[in-house]
Each structure stands twice: as structure tokens, then as C-alpha cells.
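Observations on chain architecture
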Amino acid sequence: MGYSVWPSGRLHLPESDDVAATAAAKAAMAEHAGWYRPDESPSDHTLVDIACEARASITRDGDWIEFDHDDEGDPKWSYQAMAFYVAIAPFVRSGVVDIEGEDGARWSYVYADGRMTQHGWNGWDGSVEPFGQYVDLPSQDD
């Protein structure tokens, strides 16, 4: 059960900020019920280490992190995954992460200068902003 997702994208998040971004993501995820439990993982010190909590695979390329589908885990969307993407925003200079849901819904997290905005309709909770209220699916005829 759950809502499968396929993330992809690239963010400029300096390697020097990785530990702080990871701590922020862990704290934010811990505020929501779900799979992630702080300090239960033997290795959760970098964003790459906690990538599965973002329902993604993350690789670091210098000051950039690249997101892809988590082929090894169970990439089901959750409030914890959403909290991850929100929490890293202050550390991101620029970039976009696109999410495709199992039903074909597509939304993006667009980052610029430490801020993040959601573009599109989140197919998991029907929101148009992180942790937002449900809204009807926008008409495809417009």
C-alpha cells in the first residue's frame, strides 16, 4: 500500500552545508509519523545516507546533489518525505526536483536562494503547496 513516486532532479546544495541540511531534514522528518526514526540508522549523517527517506536515490557531485528513483527501497510518498524537501530549502541555492506519482500526477519543488515553492498538483495529498489543503485536480482542458 502507499503512493509510489519517481523523483528526479538536481540541486545546488554546497557540500559544506550537507551536515546542517541533513540535521534539518532529520529533525523535520521526526516531527511526522512514518518510516524514519531518528538515530536508528547506523549511517544517517549525510543527505546521501538518508536519501531513502526522501523516497529517492541521491548522489553528490561536488556542490550538487542529484535525485533519481530509489530502485532498492520502497519509494512511497509520506509527510516525512515532504518534510525532507521542505527542510533542505534554506541550504539550496538553486535547482528543481520533479516528482511523478504512480497515477501520473506530476509536481516539482523549485528552489532558489534558500526558498522552495511547489509547482503542480501533488497526487498523494491533492495539495498545490507543501502540507497544504486538498484542492480538486486542475482541469486538463484549460
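This write-up is about the structure you can find in this document. Nothing here was measured: the structure is a model prediction, and the numbers come from that model.

The subject of this paragraph is the environment of D18. When you line up the elements, D18 lands in helix 1 (residues 18–30). In sequence terms D18 and D125 are 107 residues apart; their C-alpha atoms lie 29 Å from each other.

In this sheet, strand 5 (residues 106–112) lies alongside strand 4 (residues 94–101) in antiparallel orientation, the contact comprising 7 bridges. Bridged to G95 within strand 5 is Y111. Counting the residues between successive antiparallel strands, the hairpin from strand 4 to strand 5 contains 4 residues, one of them, G104, with a positive phi of roughly 90 degrees. Across 6 bridges, strand 5 lies against strand 6 (residues 115–120) in antiparallel orientation.

Quick look at the side chain of H69 now. Counting through the fold element by element, H69 comes out in the loop between strand 3 (64–68) and helix 2 (79–87). A distance of 3.4 Å separates the side chain of H69 from the backbone oxygen of V5, its partner in a polar contact. At a separation of 3.3 Å, a polar atom in the side chain of H69 contacts the side chain of W6. Among residues more than four places away in sequence, those in contact with H69 are V5, W6, P7, S57 and P75.

On to unusual backbone geometry. Although it is not a glycine, R55 sits at a positive phi angle of roughly 60 degrees. One can find R55 in the loop between helix 1 and strand 2 (57–61). The residue D113 is not glycine, and still its phi comes out positive at about 50 degrees. Locating D113 in the fold gives a position in the loop between strand 5 and strand 6.

Attention shifts here to the pattern of salt bridges. Per the counting criterion, the structure on display carries 7 salt bridges. Close ionic contact of R60 with D18 constitutes a salt bridge, the shortest N to O distance being 2.7 Å. One end of the pair, R60, is in strand 2; the other, D18, is in helix 1, with 42 residues separating them in the sequence. Owing to a relative accessible area of 6%, D18 belongs among the buried residues under this scheme. The salt bridge partner of K26 is D44, with a shortest N-O separation of 3.4 Å. Pair noted here: K26 is in helix 1 and D44 is in the loop between helix 1 and strand 2, with a separation of 18 residues, a long-range link. Classification of K26 as buried rests on a relative accessible area of 16%.

The residue P90 is located in the loop between helix 2 and strand 4 in this model. Residue classification places P90 among the exposed positions, given a relative accessible area of 54%. Sequence separation between P90 and A112 is 22 residues; the distance between their C-alpha atoms is 9.1 Å.

Conventions we followed
- Residues numbered from 1 in each chain as written.
- Predicted model: local features only at pLDDT ≥ 70, side-chain atom pairs only at ≥ 80, totals over all residues.
- Heavy atoms only, no water.
- Helix = DSSP H or I, 4+ residues; strand = E, 2+ residues; numbered from the N terminus.
- Pairing = 2+ DSSP bridges.
- Polar contact = N/O pair within 3.5 Å; in protein donor to acceptor, adjacent residues only side chain to side chain.
- Contact = heavy atoms within 4.5 Å.
- Salt bridge = Lys/Arg side-chain N within 4 Å of Asp/Glu carboxyl O.
- Buried < 20%, exposed > 50% of the residue type's maximum accessible area, 1.4 Å probe, protein only.

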